[in-house]
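# Coordinate analysis (summary)
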Amino acid sequence: MINLCGFAVSNYYNKTKLVLLEKGIAFTEEQVFPSQDEALLKRSPLGKIPFIETENGCLSESQVILEYLEETYPETPLYPANSFERAKCRELIHHTELNIELHARRLYKEAFFGGSASDDTKNEVKELLEKGLKGLARLAKFSPYIAGDTYTAADGVVWLHFFMVSATCQKIYGTDLVAAHFPDIAAYKQLIETRPAAQKVAADRAAAMAAFLK
Ligand SMILES: N[C@@H](CCC(=O)N[C@@H](CS)C(=O)NCC(=O)O)C(=O)O
């Protein structure tokens, strides 16, 4: 049995949980917050979440976990069978994380957790986000799924990260840069949210967010 460790406010935790749910893999959840405690560092090398515990040991880094799950539980595949299409699917994931989410993340403290970012940081992040979003728009198919006619792991990743990036942009810039670059994003979001796994992750995230902000 897989034990998923982390907390449901984290988009990387939710990315992993969504895949477990979509693939119908049995798992337990253990609430773990990031820290530098020795006990945690033995399970996750940088004290980050998410990580999973398997019968073979712990595994960190959400994308590594996704690929482990895909190889270990090939039923209900979440990547295309063709190797080029599979790489294109991973390309969407990497672009979203490296060129969009990681930039927006620099503003999460101010957007959600009572911290603050300098105007220089906000201006720099805005420029990087514009560039990253334009790049993703060049790759995304939305026909109707992001990689083509089939739901893939990239849909879950983009749906989850866009939730955080949109909310961050609205709070920090007063405008949603995601919607500006993806005019049909509302319809796509609705499509993903017809899926029971996405509904479960969104409901758990809302409850966790409310508890976390108390
Ligand atoms: N690249 C990592 C990112 C995970 C990550 O940044 N997790 C955050 C929570 S959303 C965390 O643990 N932050 C604590 C820290 O950076 O020390 C992954 O894909 O799993």
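Going along each chain's sequence as written, the residues are numbered from 1 onward. Confidence filtering applies because this is a predicted model: local features only for residues at pLDDT of at least 70, side-chain atom pairs given and counted only at 80 or more, and all residues used for totals across whole chains, interfaces and linings.

## Observations regarding the environment of I100
Helix numbers and strand numbers start at the N terminus; a helix is a DSSP run of H or I with at least 4 residues, a strand a run of E with at least 2. With respect to the helices, strands and loops of the structure, I100 is situated in helix α4 (residues 83-104). Taking the C-alpha atoms as reference points, I100 and L129, 29 residues apart in sequence, are found 5.5 Å from one another. Every residue in contact with I100, bar those within four places of it in the chain, is listed here: L129, G132, L133, L136, H161 and V165. Contacts are defined on C-beta atoms placed from the backbone: any two residues whose C-beta positions lie within 7 Å are in contact.

## Considering the pairing of strand β2 (residues 27-31)
Where strand β1 (residues 2-6) lies against β2, five bridges are found, and the strand directions are parallel. Its bridge partner being in β2, N3 is matched across the sheet by T28. Between any two strands, at least two bridges found by DSSP are needed for them to pair.

## Quick notes on helix α10 (residues 196-213)
Multiplying 1.5 Å by the helix residue count minus one yields the expected span of that helix. For α10, built from 18 residues, the straight-helix expectation of 26 Å at 1.5 Å per residue is met to within 8% by its first-to-last C-alpha distance of 26 Å. Residue burial here comes from a neighbour count, namely the number of other C-beta atoms, placed from the backbone, that lie within 10 Å of the residue's own C-beta, with 20 or more meaning buried, 12 or fewer meaning exposed, and in between meaning partly exposed. Inspection of α10 places A198, V201 and R205 among the buried residues, and these make up the whole buried set. Take α10 and look down its axis: the buried residues cluster within an arc of 60°, on one side only. Away from its buried face, by an angle of more than 90 degrees, α10 presents the exposed residues P196, A203, A206, A207, A210 and A211. Working definition: the arc comes from the directions between the helix axis and the C-beta atoms, pointing outward to the latter.

## Brief notes about the nonpolar core
Taken as a class, soluble globular proteins show a tendency for nonpolar side chains to be buried jointly. Counting residues in each nonpolar core, the largest one holds 48 residues, and the members touching the most others are A153 and A154. Element by element, the count of residues in this core is highest for helix α7 (residues 153-173), at 10 residues. Where each domain starts and ends follows an automatic or database-derived domain assignment. Residue-level mapping places this core at the junction of two domains, with at least three residues from each of domain 1 (2-72) and domain 2 (83-213). Once residues within four sequence positions are removed from consideration, A153 is found in contact with V19, L66, L78, Y79, C89 and I93. The term nonpolar core refers to a set of buried Ala, Val, Leu, Ile, Met, Phe, Trp, Tyr and Cys residues connected through C-beta atoms within 7 Å.

## Remarks on the sheet that holds strand β3 (residues 51-54)
As summarised here, the arrangement of the four strands in space is β2-β1-β3-β4, forming an open sheet in which the pairing is mixed. The open sheet has two edge strands with one neighbour each: β2 and β4 (57-60). Ignoring strand direction, the axes of neighbouring strands in this sheet form an average angle of 25°. Between N-to-C directions, angles span 0 to 180 degrees; the directions come from axes that are lines fitted to C-alpha atoms, helices contributing only their stretch in contact. Here helix α1 (residues 11-22) sits on the sheet in contact with β1, β2 and β3, set at roughly 155° to β1.

## Quick look at the domain arrangement of the chain
Here the domain parsing of the chain yields domain 1 (2-72) and domain 2 (83-213). The C-alpha-based centres of domain 1 and domain 2 are spaced at 20 Å. Facing 13 residues of domain 1, the contacting portion of domain 2 comprises 16 residues. When residues of the side of domain 1 that touches domain 2 are assigned to their parent elements, the largest contribution, eight residues, is made by α1. For this scheme, ten residues count as nonpolar: Ala, Val, Leu, Ile, Met, Phe, Trp, Tyr, Cys and Pro. Four count as charged, namely Asp, Glu, Lys and Arg, and the remainder, Gly too, count as polar. Looking at the side of domain 1 that touches domain 2 residue by residue, the classes come out as seven nonpolar, three polar and three charged.

## Looking at the site of the ligand
What surrounds the ligand is the set S10, Y12, P34, G47, K48, I49, P50, E61, S62 and Q63. Looking at the shell around the ligand residue by residue, the class counts come to four nonpolar, four polar and two charged. A molecule or strand has a residue near it when that residue's C-beta atom, placed from backbone coordinates, lies within 6 Å of it.

## Some thoughts on the packing of α1 against helix α3 (residues 62-72)
Where α1 contacts α3, the two axes come as close as 9 Å, and the packing angle between them is 5°. Of the possible angle classes, the one that applies to α1 and α3 is roughly parallel. For the pair formed by α1 and α3, the contact residues are Y12, K15, T16, V19 and L20 on the first element and S62, I65, L66 and L69 on the second. A class-by-class count of the residues in the contact of α1 with α3 yields six nonpolar, two polar and one charged. Here roughly perpendicular refers to angles of 65 to 115 degrees, roughly parallel to angles under 35, roughly antiparallel to angles over 145, and oblique to all remaining angles.

## Digging into the packing of α1 against α10
Following both chains from N to C, one finds α1 and α10 inclined at 145°, their axes separated by 9 Å at the closest point. Crossing angle aside, the handedness with which α1 passes α10 is right-handed. Counted together, N14, K17, L18, L21 and E22 of α1 and A197, A198, K200, V201 and R205 of α10 form the full contact between these two elements. Its residues placed into classes, the contact of α1 with α10 shows five nonpolar, one polar and four charged. Handedness of a crossing is defined here by the sense of rotation of the near helix relative to the far one, left-handed for an anticlockwise turn of less than a right angle and right-handed for a clockwise turn.

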